[in-house]
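Here's the letter readout for the chains.
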Amino acid sequence: MSASLNASALARLLGEWNLGAAPAYRELADVVRLLVLDGRVALDTALPSERALSEVLGVSRTTVTAAYGHLREQGFLSSGQGSRGRTRIPRVTPLGTTVLTGLGLTAMGASGAPAVAAPGLAAPGLAAPEGLIDLAYASLPASGEVVHRAFAAALTELPALLPGFGYDAMGLLPLREAVAARYTAAGAPTTAEQILVTSGAQHALNIIIRALAGRQDRVLVEHPSYPNALDAIRAAGCRAIPVAFTAAHGTHADAADGSQHALAWDMHALRTTMMQQRPKVAYVVPDFHNPTGQLMPDLQRRQLVRAAAGTVLVVDETLRELNLDGAETTPVAAFSPAVVTIGSLSKSHWGGLRTGWIRASEAMIQRFAAARTTLDLGGPVMEQLAAAHLVRALDEPLPARLTALRDNRAALLELLAGHLPAWETGRPAGGLSVWCRLPAPVSTALTVIAPDFGIRLAAGPRFGIGGAFERCLRVPFTLPPEQLEAAVIALRSAQDRLDAAPQLRRTLRNAPAVAIA
């Protein structure tokens, strides 16, 4: 079943749209277009009928008909006789040809082949070219002495394991016990048999999808979401079903330009999508969401668990330890034994450890272990021995790291406000990045020209489906303040270049679909 939006739901998203600054049909079309571009109305969603929407909005049917017609002319709404129009995003090729993109479709180049990323853009997921400040990664360097000490201890323990074969699809028992103890202490009683050790969070998600979802199965995701998770879902042949964030309660959302100062999970939309779409899996990041930095309160966690009845709820807690403001929340797994949780040391300690885990019921863990053997036969032993030491002393490096991150966050927000005052930013309660709203849909264009100014970016559409989030950009605060200052000054220079040459916005449209962190 494809997604649909009833008239009341669309009216709620539209807000105060009729400001009298233009003909009513234009204002209505403009706000719907912004909702699609921002990802608040998902692609391939059937809009309400003209009659139903006109009745709810209290306008003539002619107004809605003209608005829908305008959206079709712009390429944001499909055409079809006897069927409701579905949302699309137009693409403009170098030859000026518009290609409608929806779920599963891609932009086309001048030859008709899939568009190729511009030079210098194929690097995210790899080391940054020499001399570039890397803002495509939201990751930290190793927690120094702590990681080194853990590997030194692991080296002394390794000889005792050398007589064995070294294969263990479940993971070393000491590490599983240490992870289980952390969950138990946090309020989710866990045994070692409920833990499967993986080679990072991405590996964990691939195992879960392989075990639980087949080709064409639906997987619910937040919109925006973590790019590598979206890539994993696509690679498995599954269909990602996006659910957009909404304006947080008590914040102002300007319907004329779609601006919003804070985001929140749309629990009504999540419940409705679960009921209508019946996804096999729902992948969510409730702890300092990547990329928005939002933290889901416990009440919504309980609501999410209830809404997921019949759907396997997969919760990514990779960023949970990076709690900059000390907010207290309960692990989602504490609310239901059916929850599947992903964890990792990549963000809290070091991405080079490549150590993560899955927490689930014992029966589900056995299912994941069986699926895992089609990918690999187990993780590296040394890393697991070291990780066991790190997990047992997980809090040791965090105070200093959190202090540095708080300073970096404050520095970045001040720099953005000073150099790019038209950019809207929220203050994340944790995590590693700020989700910025741009004054124009130029995220990809900025990403393409950024290397000319000494920086590398991850375009907003990498965090969405079908080209959404051209008005958004994730900016990490993982670098020290002096590098952040240089990066923001470079961003301002890139923005100035686009402002001086608006034609670049139309021609630089191809974002690289490659791995980022």
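Rules behind the numbers
- Residues numbered from 1 in each chain as written.
- Predicted model: local features only at pLDDT ≥ 70, side-chain atom pairs only at ≥ 80, totals over all residues.
- Heavy atoms only, no water.
- Helix = DSSP H or I, 4+ residues; strand = E, 2+ residues; numbered from the N terminus.
- Buried < 20%, exposed > 50% of the residue type's maximum accessible area, 1.4 Å probe, protein only.
- Contact = heavy atoms within 4.5 Å.
- Pairing = 2+ DSSP bridges.
- Core = buried A, V, L, I, M, F, W, Y, C linked by side-chain atoms within 4.5 Å.
- Patch = residues over 30% accessible without salt bridge, like charges linked within 9 Å, V, L, I, M, F, W, Y side chains within 5 Å.
- Areas by Shrake-Rupley, 256 points an atom, 1.4 Å probe, with all protein chains shown as cover.
- Salt bridge = Lys/Arg side-chain N within 4 Å of Asp/Glu carboxyl O.
- Axes fitted to C-alpha atoms, helices over the stretch in contact; angles between N-to-C directions.
- 1 Å grid on protein atoms, 1.4 Å probe; cavity = no way out; pocket = protein on both sides within 12 Å on 5 of 7 lines; lining within 4 Å.
- Points joined across faces, edges and corners; volume = space filled by probe spheres on them.
- Nonpolar A, V, L, I, M, F, W, Y, C, P; charged D, E, K, R; others polar.
- Parallel < 35°, antiparallel > 145°, perpendicular 65-115°, else oblique.
- Left-handed = near helix turned anticlockwise from the far one by under 90°.
- pLDDT = per-residue confidence, 0-100.
- Phe/Tyr/Trp six-rings, centres within 6.5 Å; stacked < 30°, edge-to-face > 60°.

### Looking at the overall build of the protein chain
Alright, step 1. When its secondary structure is counted, the protein chain shows 16 helices and 18 strands.
Alright, step 2. Burial analysis of the protein chain (517 residues in total) assigns 56% to the buried set.
Alright, step 3. In the protein chain, the share of contacts with a sequence separation of at least 24, taken over all contacts with a separation of at least 6, comes to 72%.

### Some remarks on the side chain of threonine 45
Alright, step 1. By the secondary structure assignment, threonine 45 is in the loop between helix H2 (24-37) and helix H3 (50-57).
Alright, step 2. When near neighbours in sequence (up to four residues on either side) are disregarded, threonine 45 contacts Ala3, Ser4, Leu5, Gly85, Arg86 and Thr87.

### Focus on the pairing of strand E18 (residues 472-476)
Alright, step 1. Across the 5 residues that make up E18, a large majority, 5, are buried.
Alright, step 2. In this structure, strand E16 (residues 433-437) lies alongside E18, joined through 5 bridges in antiparallel fashion. Counterpart to cysteine 436 in the pairing with E18 is leucine 473.

### Quick word on the nonpolar core
Alright, step 1. By size, the foremost hydrophobic cluster in this structure holds 41 residues, and its most contacted members are Leu412, Trp423, Leu446, Ile455, Leu457 and Leu491.
Alright, step 2. Contributions of two or more residues to this core are made by helix H13 (398-419), E16, helix H14 (443-449), E18 and helix H15 (481-500).
Alright, step 3. For this core, the element with the highest residue contribution is H15, accounting for 7 residues.
Alright, step 4. Sequence-distant contacts of leucine 446, defined by excluding residues within four places in its chain, comprise Trp423, Leu438, Leu457, Ala494, Gln495 and Leu498.
Alright, step 5. Core analysis: the second largest hydrophobic core is formed by 35 residues, Ala211, Val281, Met364 and Phe368 among them.

### Let's talk about a nonpolar patch on the surface
Alright, step 1. Taken together, the side chains of Phe165, Tyr167 and Leu377 make up a nonpolar region of the molecular surface, amounting to roughly 460 Å² of accessible area.
Alright, step 2. In this fold, phenylalanine 165 is placed in the loop between helix H5 (144-157) and helix H6 (173-185).
Alright, step 3. Take phenylalanine 165: its relative accessible area is 83%, and that puts it in the exposed class.

### A look at the sheet that holds strand E5 (residues 218-223)
Alright, step 1. Pairing is mixed across the open sheet formed by 7 strands, whose spatial order is E4-E14-E13-E12-E11-E5-E6. The open sheet is flanked by strand E4 (195-198) and strand E6 (239-244), the only strands paired with a single partner. Ignoring which end each strand starts from, the neighbouring axes of this sheet average 20° apart.
Alright, step 2. Of the pairings in the sheet, the one linking strand E13 (residues 340-344) to strand E14 (residues 356-359) comprises 4 bridges and is antiparallel in character. Residue pairing across strands places glycine 343 opposite tryptophan 357, the latter belonging to E14.
Alright, step 3. Its contacts with the sheet place helix H9 (residues 267-277) against E5, E6 and strand E11 (281-284), and it is angled at close to 150° to E6.

### Examining the sheet that holds E16
Alright, step 1. Judged by pairing direction, the sheet is antiparallel, and its 3 strands sit side by side in the order E15-E16-E18 without closing on themselves. Of all the strands in the sheet, just strand E15 (424-425) and E18 have a single pairing partner and so form its edges.
Alright, step 2. Taken strand by strand, H13 contacts E15, E16 and E18, and its axis lies near 20° from that of E16.

### Brief notes about the layout of surface pockets
Alright, step 1. The computed volume of the second largest pocket comes to approximately 520 Å³.
Alright, step 2. Contributing elements (two or more residues each) for the lining of the second largest pocket: H6, E13 and H13.
Alright, step 3. Ranked by the residues each element gives to the lining of the second largest pocket, the list is headed by H6, at 4 residues.
Alright, step 4. A per-class count over the lining of the second largest pocket returns 14 nonpolar, 6 polar and 6 charged.

### Some words on the packing of H9 against helix H10 (residues 298-307)
Alright, step 1. Relative orientation of the contacting elements H9 and H10 amounts to 10°, with a least axis distance of 9 Å. The angle between H9 and H10 places the two elements in the roughly parallel class. Crossing geometry of H9 relative to H10 is assigned as right-handed. For the pair formed by H9 and H10, the contact residues are Met267, Leu270, Arg271 and Met274 on the first element and Gln300, Gln303, Leu304 and Ala307 on the second.
Alright, step 2. Of the residues assigned to the contact of H9 with H10, the class counts are 5 nonpolar, 2 polar and 1 charged.

### Focus on the confidence of the model for the protein chain
Close inspection of predicted coordinates is inappropriate in any region flagged by low pLDDT.
Alright, step 1. Of all residues in the protein chain, 86% attain a pLDDT of 70 or more, and the chain-wide mean is 86.
Alright, step 2. Counting interchain partners and residues more than four positions distant, the pLDDT-below-50 stretch residues 251-260 has 26 contacts.

### Thoughts on the packing of aromatic side chains
Two measures describe an aromatic ring pair: the distance that separates the ring centres and the angle between the ring planes.
Alright, step 1. A complete count under the given rule lists 3 aromatic pairs for this structure.
Alright, step 2. Seen from their ring centres, tryptophan 435 and phenylalanine 463 are 5.5 Å apart, and the 70° between their planes marks the pair as edge-to-face. Highlighted residues: tryptophan 435 in strand E16 and phenylalanine 463 in the loop between strand E17 (455-456) and E18, separated in sequence by 28 residues.
Alright, step 3. Assessed through its relative accessible area of 10%, tryptophan 435 is described here as buried.

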